[in-house]
Each structure stands twice: as structure tokens, then as C-alpha cells.
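Listed below are the residues making up each chain.
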Amino acid sequence: MAETIKIAYLYEDLMNTYGDSGDVKILSYLLKEKGYDTQVDNISIDTDVFDAFDYDFLFFGGGQDFEQTVVAKDIMRHRETIKDYIEDERPMLGICGGYQFLGTYYETIGGDTIQCLNILPIHTVFKADSRMIGDTEFETPWGIARAFENHSGRTYFDDNETVEAFGKMVQGYGNNPEDGNEGLRYKNTFGSYSHGPLLKNENIANMFVEKIIENHKTRVSE
Ligand code: GLN
């Protein structure tokens, strides 16, 4: 019988812009090819208890500012388990709004400050002159990735020693218009502004598949 890989999709019903759920579908497809079934659980406002260590992968998609405000009211109760999971080098991917949530705060276009999980030393602000929209291309240690971005938030690293960029921009903005960085990597947690979905880039998807299977093997042997 096939083993089941468990994926926690954080706030799947609220955080899913521009086809981000496609990332999870692509992972399920690639894992199936490797002989695994997948179970995807929506961890949302009606979830009572969530233990990140019950899962092989955490996924957090993008969201509109309004949905991010709704999520912010609920998510703090899961902060410790998400933080422990990240610190324990387990794999996670946050896209756009989900990426912003890993940092300290997000200042919206409407002038609100959304308190985020405060797990990683990054923050996101709004500046009036431009929304960052369009096709992107960036170079990563796993090769070139192509995607699509649409965000008003500009993300900055507060500590370059702790976090590194996921990639270097070739085309588009990425984290902000200034530093040429796309996304973030910390241990096995990744953040990215890439929709499209990101994992249509098979090189990147395969990197996640390897990490997920490795974590699954660790989890079931614990
Ligand atoms: N609302 C956020 C922003 O505009 C995130 C957008 C998104 O997740 N697509 O920056």
C-alpha cells in the first residue's frame, strides 16, 4: 500500500491567489509518480488543534490584504508550532502574502499594519509609487525559475546573516525594487513572490519533492 504524504495548506480557503493551489497539485502529482499518496489538510479558522509536526510539508499561499487581515486575527495561536517546525529544518513554502506572514509585520496599501508571525527577520512595507506586477525570471541555486508577481508589499531583510535570498532577479522586482532579491531561504523554509504557480518550474518542484520525502521518512520513523 502506498504511504501517504501529509501536506498542511495554511488557510487554503483564504490564501490562494493567482493559482497558488497549483503548487500543491503539482507536488501531489510528482509525489504520486514516486509512489506516494498525498493528503492535503486545510488548516484554517475552524481548525481546533494544529501540530505542524504531524505534516511533511507546510504550504502558505498568497492573499489579498483583506484576507490577510482575517488570517492575522487567527494565526497567532499556531505560531509556536510553525516556528518549532521551521527551526527543526522541516520544509515549508510561503508565497506572497504567506511569505509576508513569516516576518514581523506587513504595512498595507490602506495604511494598516498587519502583525505577522514574527518568526523570520523580514518586514514588508508599502510605498505609494508602484505595485509590482508582471512576469518574473530569477536565478536560484536550482536553476532559472519563471513566474508571475503581483504585490504592493516590499519585503526587506532585517538580518542578512540569518536569511538568504531564494534567487537573484533577472526580470521583474521580487522582494522590492532595490536589492534584486527574490524571496527567502532559511533552513528548509522558503518564501517567494512567485505565482503562476511557482512549482510549474520542475527544477524547483523537484527540490521540494526531495525535501518532503526526506522529512516524511524522518517523521514516520520518529
Ligand atoms: N496583499 C499582499 C500584497 O499586495 C500580497 C499579495 C499576494 O499575496 N498576491 O503585497
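Above: the structure in question.
Let me sum up the structure you'll find in this document.

Some words on the pattern of salt bridges
For the structure shown, the criterion picks out ten salt bridges. Here E87 and K83 are joined by a salt bridge, their closest N and O atoms 3.7 Å apart. With E87 and K83 both in helix 3 (residues 79–87) and four residues apart, this pair spans about one turn of that helix. Given the relative accessible area of 30%, E87 is considered partly exposed. On the accessibility criterion, K83 (23% relative accessible area) is partly exposed. Residue D88 is joined to R90 by a salt bridge in which the shortest nitrogen-to-oxygen separation is 2.8 Å.

Considerations on the sheet that holds strand 12 (residues 181–182)
In spatial order, the strands read 9-8-11-12; together these four strands make up an open sheet with antiparallel pairing. Edge positions in the open sheet fall to strand 9 (143–151) and strand 12, since each of these has one partner strand only. With nine bridges joining them, strand 8 (residues 132–140) and strand 9 adopt antiparallel strand pairing. Across the sheet, the residue bridging to T136 is A147, located in strand 9.

Here is what the cut-offs are and how they apply
- Residues numbered from 1 in each chain as written.
- Predicted model: local features only at pLDDT ≥ 70, side-chain atom pairs only at ≥ 80, totals over all residues.
- Heavy atoms only, no water.
- Salt bridge = Lys/Arg side-chain N within 4 Å of Asp/Glu carboxyl O.
- Helix = DSSP H or I, 4+ residues; strand = E, 2+ residues; numbered from the N terminus.
- Buried < 20%, exposed > 50% of the residue type's maximum accessible area, 1.4 Å probe, protein only.
- Pairing = 2+ DSSP bridges.

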